[in-house]
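Take a look at the letters that make up each chain.
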Amino acid sequence: MTGLWLVSVAITNVSIVDTYWGPSFMVMVYAFDQYLESSPRSQLINAMIYLWALRLAAHIGSRAIGHGIFVEDIRYQNFRRYWGPKYWLISYLQTFVLQGVIGWIVALPLVAAKYFSSSHDQLTTLDYVGVVVFAVGFFFETVGDFQLRMFQRRKDRQPGEVLRTGLWRYTRHPNYFGDATLWWGIWLVSVSSDYIMGLVSSISPLIMTFLLIKVSGVAMLDKVMTRKTAEYVLYKETTSAFIPWFPKKQPKRAD
């Protein structure tokens, strides 16, 4: 993370840390595989991580290129304005070190699945359940991101218009719901290797779900969008914030 931070200082753009989030887990599983015995469960975990990480990196990377590689995300721009000239140093602890620590905690299911599995182990029903849960999450994250990208590119989009079709009809944040869900799927696979370590590693999907709902996802975006457009206020009244559900009828308003 230190090397990545130095690059961010050179180009004055902390946003590159977001693109590295997915590939950082690819680095972890590769490192584990150099020292731990391979197993069917370990290979399954590898496939899940590589699929998720490559898709996420491509999505965030292409978005960054579209905006300009030297254009920093609004979150980091706000931090930079708040901290002023010393932000280059503060960003190391606030963003890069913190993300590194969170990354290792989130990676606990990977450690469990690899360290406590052997080449003689066979996949269990719980492994397959985990794959199904992962697939559901991957679908919501991928399709949600795609639908939002297509909506943002629409030339006939009206000012203040809110995406309320597709998966976005059933949840205001299908991509965040999908990201949290697929980590629960990865965790279920890890539980098959060792139930005690599985319970310990449950902190991984719990932290991911908490961050996506309360910190960097739902709460932050809802706050921004509510200030940005009145239509989003109506959208909040009828559409589930996180878990997909059928939309409510729009309440009647007094004239």
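Residues numbered from 1 in each chain as written. Predicted model: local features only at pLDDT ≥ 70, side-chain atom pairs only at ≥ 80, totals over all residues. Heavy atoms only, no water.

Participant: So what about helix α12 (residues 230–238)? Which residues, and what values?
Facilitator: The complete set of buried residues in α12 reads Tyr232, Tyr235 and Thr238. Here the buried residues of α12 occupy an arc of 120° about the axis, which is enough to place them on one side. Residues of α12 that are buried in the fold lie against α11 (218–228). Two to three positions downstream of the cap, the backbone nitrogen of Glu231 sits 3.3 Å from a side-chain oxygen, assigning the N-cap of α12 to Thr229. (Buried < 20%, exposed > 50% of the residue type's maximum accessible area, 1.4 Å probe, protein only. Helix = DSSP H or I, 4+ residues; strand = E, 2+ residues; numbered from the N terminus. Arc of directions from axis to C-beta. Contact = heavy atoms within 4.5 Å. Polar contact = N/O pair within 3.5 Å; in protein donor to acceptor, adjacent residues only side chain to side chain.)

Participant: Just give me the short version of the packing of helix α1 (residues 2–11) against helix α2 (residues 16–33), but keep the residues and values in it.
Facilitator: Following both chains from N to C, one finds α1 and α2 inclined at 155°, their axes separated by 10 Å at the closest point. Compared by their axis directions, α1 and α2 come out roughly antiparallel. When the axes of α1 and α2 are compared, the crossing they make is right-handed. Counted together, Leu4, Val7, Ser8 and Ile11 of α1 and Ile16, Val17 and Tyr20 of α2 form the full contact between these two elements. For the contact of α1 with α2, the class distribution of residues is 6 nonpolar, 1 polar and no charged. (Axes fitted to C-alpha atoms, helices over the stretch in contact; angles between N-to-C directions. Parallel < 35°, antiparallel > 145°, perpendicular 65-115°, else oblique. Left-handed = near helix turned anticlockwise from the far one by under 90°. Nonpolar A, V, L, I, M, F, W, Y, C, P; charged D, E, K, R; others polar.)

Participant: Tell me about the nonpolar core, and name the residues and values.
Facilitator: Buried together is how nonpolar side chains tend to be arranged in soluble globular proteins. Among the nonpolar cores identified, the biggest contains 32 residues, and Phe25, Ile49, Trp52, Leu110, Trp183 and Ile186 are the most heavily contacted of them. Contributions of two or more residues to this core are made by α2, α3 (40–67), α6 (108–115), α7 (125–153), α8 (174–191) and α10 (203–215). With 8 residues, α3 is the largest single contributor of residues to this core. For Phe25, the contacting residues outside a window of four places in its chain are Ile49, Trp52, Gly103, Val106, Ala107, Leu110 and Trp183. By size, the runner-up hydrophobic cluster in this structure holds 9 residues, among which are Trp5, Val17, Tyr87 and Phe96. (Core = buried A, V, L, I, M, F, W, Y, C linked by side-chain atoms within 4.5 Å.)

Participant: Mind laying out the pattern of salt bridges, listing which residues take part and the relevant values?
Facilitator: In the structure shown here, the tally under the stated rule is 8 salt bridges. Notably, a salt bridge pairs Asp33 with Lys114, separated by 2.7 Å at the nearest N-O pair. In this pair, Asp33 sits in helix α2 while Lys114 sits in helix α6, placing the two residues 81 residues apart along the sequence. Here Arg55 ties to Asp145 by a salt bridge, and the two come within 3.0 Å at their closest N and O atoms. (Salt bridge = Lys/Arg side-chain N within 4 Å of Asp/Glu carboxyl O.)

Participant: I'd like to hear about the packing of aromatic side chains, residue by residue, with values.
Facilitator: Scanning the model with the defined rule gives 17 aromatic pairs in all. Relative to Tyr92, the ring of Trp5 lies with its centre 4.7 Å away and its plane at 50°, an arrangement referred to as tilted. One end of the pair, Trp5, is in helix α1; the other, Tyr92, is in helix α5 (residues 87–106), and 87 residues separate them in sequence. A residue is classified by how much of its surface remains accessible, and Tyr92, at 23% relative accessible area, is partly exposed. Look at Tyr232 and Tyr235: their rings are 5.4 Å apart centre to centre, the planes differ by 65°, and that puts the pair in the edge-to-face class. (Phe/Tyr/Trp six-rings, centres within 6.5 Å; stacked < 30°, edge-to-face > 60°.)

Participant: Could you give me a rundown of the environment of Trp21, with the residues and numbers involved?
Facilitator: Residue placement: Trp21 occurs in helix α2. A sequence separation of 181 residues divides Trp21 from Ser202, and the C-alpha atoms of the two residues are 20 Å apart. Apart from the residues within four sequence positions on either side, Trp21 is in contact with Trp52, Leu56, Gln99, Ile102, Gly103, Val106 and Met208.

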